[in-house]
Amino acid sequence: MILLTYNGIFVIESKNYDGWIYGSEHQELWTQTLAAGNKIHKTHFYNPIRQNRMHIKYLKKIIGDNLPIYSIIIFSNECTLKNIEVADPETKVIYLGRAIRTVSDLSAKTPNTLSQKKLISIYDKLYPYTQVSESLKQEHIKNVNEKIKM
């Protein structure tokens, strides 16, 4: 998801997981740990920070790279984030309940940086990319899942 504001562009990756989530911005895979009775089940998923960085990389190719762009990874309130390590100040890993506050805090760093004309221009450049087929969306999901199997 991309949120365009006068204060910057927010690229949001949403994750609907439960259990305990472990990871850092430098790891390729993160871990989800679920307790099932007296057993622990661990699964791995592609680092959402890296995933969003790739989104931002391609976004910059379309709109330019001299704009304030923030990366927000939002996890559902059903999980517990454990030992999540992020050093980049423009990247946040948060619970859904912190989304509005996080956008507000990051917005305060660059108040009124983008004009309405610039925002409309960005929107016009991005709109065609929202008109993708279901098969292309499924291909994207498949590509992300294949990264996990590496």
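What you are looking at is a predicted structure, and each value in this text was computed from that prediction instead of being measured.

Okay, the pairing of strand S6 (residues 69-75) next. Within S6, 7 of the 7 residues are buried, which leaves it mostly tucked inside the rest of the structure. Side chains Ile 69, Ser 71, Ile 73 and Phe 75 of S6 all project onto a buried face; the interleaved residues Tyr 70, Ile 72 and Ile 74 project onto the opposite face, where all are buried too. Bridge count between strand S2 (residues 8-15) and S6: 7 bridges; the pairing is parallel. Along S6, the bridge assignment pairs Lys 15 with Phe 75. Pairing geometry for S6 and strand S8 (residues 91-95), over 5 bridges, is parallel. Its bridge partner being in S8, Ser 71 is matched across the sheet by Thr 91.

We now examine the packing of aromatic side chains. Going through the model one piece at a time under the given rule, you end up with 7 aromatic pairs. Measuring from ring centre to ring centre gives 4.4 Å for Tyr 17 and Phe 45, while their planes differ by 25°; the resulting arrangement is stacked. Taken together, the residues span a long stretch of sequence, with Tyr 17 in the loop between S2 and strand S3 (19-24) and Phe 45 in strand S5 (residues 39-46) at a distance of 28 residues. When its relative accessible area of 21% is taken as the criterion, Tyr 17 is described as partly exposed. Seen from their ring centres, Tyr 17 and Phe 75 are 6.2 Å apart, and the 35° between their planes marks the pair as tilted.

This brings us to helix H2 (residues 99-107). The periodicity of an α-helix, 3.6 residues per turn, causes residues three or four places apart in sequence to face the same way. Every buried residue of H2 is listed here: Ala 99, Thr 102, Val 103, Leu 106 and Ser 107. The buried side chains of H2 occupy one side of the element, clustering within an arc of 135° when seen end-on. Against the buried residues of H2 lie strand S1 (2-5), S2, S6 and S8.

Criteria and cut-off values
- Residues numbered from 1 in each chain as written.
- Predicted model: local features only at pLDDT ≥ 70, side-chain atom pairs only at ≥ 80, totals over all residues.
- Heavy atoms only, no water.
- Buried < 20%, exposed > 50% of the residue type's maximum accessible area, 1.4 Å probe, protein only.
- Helix = DSSP H or I, 4+ residues; strand = E, 2+ residues; numbered from the N terminus.
- Pairing = 2+ DSSP bridges.
- Phe/Tyr/Trp six-rings, centres within 6.5 Å; stacked < 30°, edge-to-face > 60°.
- Arc of directions from axis to C-beta.
- Contact = heavy atoms within 4.5 Å.

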